[in-house]
Amino acid sequence: DVKVTALTITGYVNCNSAAAAFGKGTEDSNCYVKNLVSSVEIWDTTANAMVPGSSAKGFSGTSYELVAYTGLDWTIPAGQARTLLVKANLSSNIPSTTLDAFSFDIDDVANSITSQDKDALDITETGEDQNGATDPTVSVAVYPYGSIAVAKANDTPLQSILVMGSTNNDVS
């Protein structure tokens, strides 16, 4: 078995509607991934649950690009693989242009993941930027506009006064 105890995810952002490269944490002085995303969660897709020991986290680092998780208790059974899913909670900030986009990756795998084997010995992690870093294969676009239609439902609730302690009252 492998036990993952710490993990750092790097956020990338593109605040230019053109097909420009993504910047690590920031693209310019007015465009940060933290402006689009308020917090990040990590999930084990096999268990369909948050990684044990994790919670929603915000950003750190000089460009607010890092999301660091410590104190994890994520055990991956020997001979099995797990897929890590990153879920982002959007902020209430309005995007800077007609289209802003963000993505996440595990940058510098050897320094971004801390794990141990069944004997509690450290493991040396290897790997590449799976999501392409500044040229991501998966990203999320956020637009500064949209609309919501509000309409009265056909089955409008009943308006009535209920007396405390009464029973068999119809409420819809």
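Refer to the structure presented above.
Residues numbered from 1 in each chain as written. Predicted model: local features only at pLDDT ≥ 70, side-chain atom pairs only at ≥ 80, totals over all residues. Heavy atoms only, no water.

Draft legend 1. Layout of the overall build of the chain. The helix and strand inventory of the chain stands at two helices and 11 strands. Helices and strands in the chain line up, N terminus first, as β-β-β-β-α-β-β-β-β-β-α-β-β. Since a compact globule built from 172 residues should have a radius of gyration of about 16 Å, the 22 Å found for the chain marks it as more spread out than a globular shape. Principal axes of the C-alpha set define a box for the chain whose edges measure 65 × 45 × 25 Å. By the burial criterion, 31% of the 172 residues in the chain qualify as buried. Restricting to contacts in the chain with at least 6 residues of sequence separation, those with at least 24 account for 65%. Where the 8 positive side-chain charges of the chain centre and where its 20 negative ones centre are 7 Å apart. (Helix = DSSP H or I, 4+ residues; strand = E, 2+ residues; numbered from the N terminus. Rg over C-alpha atoms; globule rule 2.2 N^0.38 Å. Buried < 20%, exposed > 50% of the residue type's maximum accessible area, 1.4 Å probe, protein only. Contact = heavy atoms within 4.5 Å. Lys, Arg positive; Asp, Glu negative; His and termini not counted. Charge placed at Lys NZ, Arg CZ, Asp CG, Glu CD.)

Draft legend 2. Quick look at the layout of surface pockets. Put simply, the largest pocket is a space of about 980 Å³. Elements with a contribution of two residues or more to the lining of the largest pocket: strand S1 (2-14), strand S7 (66-76), strand S8 (84-90), strand S9 (100-105) and strand S10 (113-116). The dominant element in the lining of the largest pocket, judged by the number of residues it contributes, is S8, at five residues. Counted by class, the lining of the largest pocket contains 21 nonpolar, 10 polar and five charged residues. (1 Å grid on protein atoms, 1.4 Å probe; cavity = no way out; pocket = protein on both sides within 12 Å on 5 of 7 lines; lining within 4 Å. Points joined across faces, edges and corners; volume = space filled by probe spheres on them. Nonpolar A, V, L, I, M, F, W, Y, C, P; charged D, E, K, R; others polar.)

Draft legend 3. How the structure looks around the environment of Phe-59. Note on placement: Phe-59 falls in the loop between strand S6 (49-50) and S7. For Phe-59, a relative accessible area of 16% puts it in the buried group. Each C-alpha atom of the pair Phe-59 and Thr-83 lies 22 Å from the other, and the pair is 24 residues apart in sequence. Dropping the residues within four chain positions of it, Phe-59 is found in contact with Val-33, Lys-34, Val-37, Val-40, Tyr-64, Glu-65, Leu-66, Val-67 and Phe-104.

Draft legend 4. Local environment of the pattern of salt bridges. On inspection of all chains with the given rule, the structure shows four salt bridges. In this structure, Arg-82 engages Asp-44 in a salt bridge whose closest nitrogen and oxygen atoms are separated by 3.3 Å. Taken together, the residues Arg-82 in the loop between S7 and S8 and Asp-44 in strand S5 (residues 37-44) connect sequence positions 38 residues apart. Overall, the relative accessible area of 25% leaves Arg-82 in the partly exposed class. (Salt bridge = Lys/Arg side-chain N within 4 Å of Asp/Glu carboxyl O.)

Draft legend 5. Representation of the pairing of S10. Covered by surrounding structure in S10 are Ile-113 and Ser-115 only, the residues Thr-114 and Gln-116 on the alternate face being uncovered. Both S1 and S10 contribute to a ladder of four bridges, which runs antiparallel. From the neighbouring strand, Val-4 faces S10, where its bridge partner is Ser-115. (Pairing = 2+ DSSP bridges.)

Draft legend 6. Examining the packing of aromatic side chains more closely. According to the stated counting rule, one finds three aromatic pairs in the structure shown. Centroid distance Phe-59 to Phe-104: 6.4 Å. Interplanar angle 10°. Geometry classified as stacked. You can see Phe-59 sitting in the loop between S6 and S7 and its partner Phe-104 sitting in strand S9, a full 45 residues away along the chain. Accessibility classification places Phe-59 together with Phe-104 in one group, the buried group. (Phe/Tyr/Trp six-rings, centres within 6.5 Å; stacked < 30°, edge-to-face > 60°.)

Draft legend 7. Geometry of the sheet that holds S8. Read across the open sheet, the three strands follow the order S6-S5-S8; overall the sheet is antiparallel. Each edge of the open sheet carries a strand with a single partner, namely S6 and S8. Note: S5 against S8, seven bridges, orientation antiparallel. Within S8, the residue paired with Val-40 across the bridge is Ala-88.

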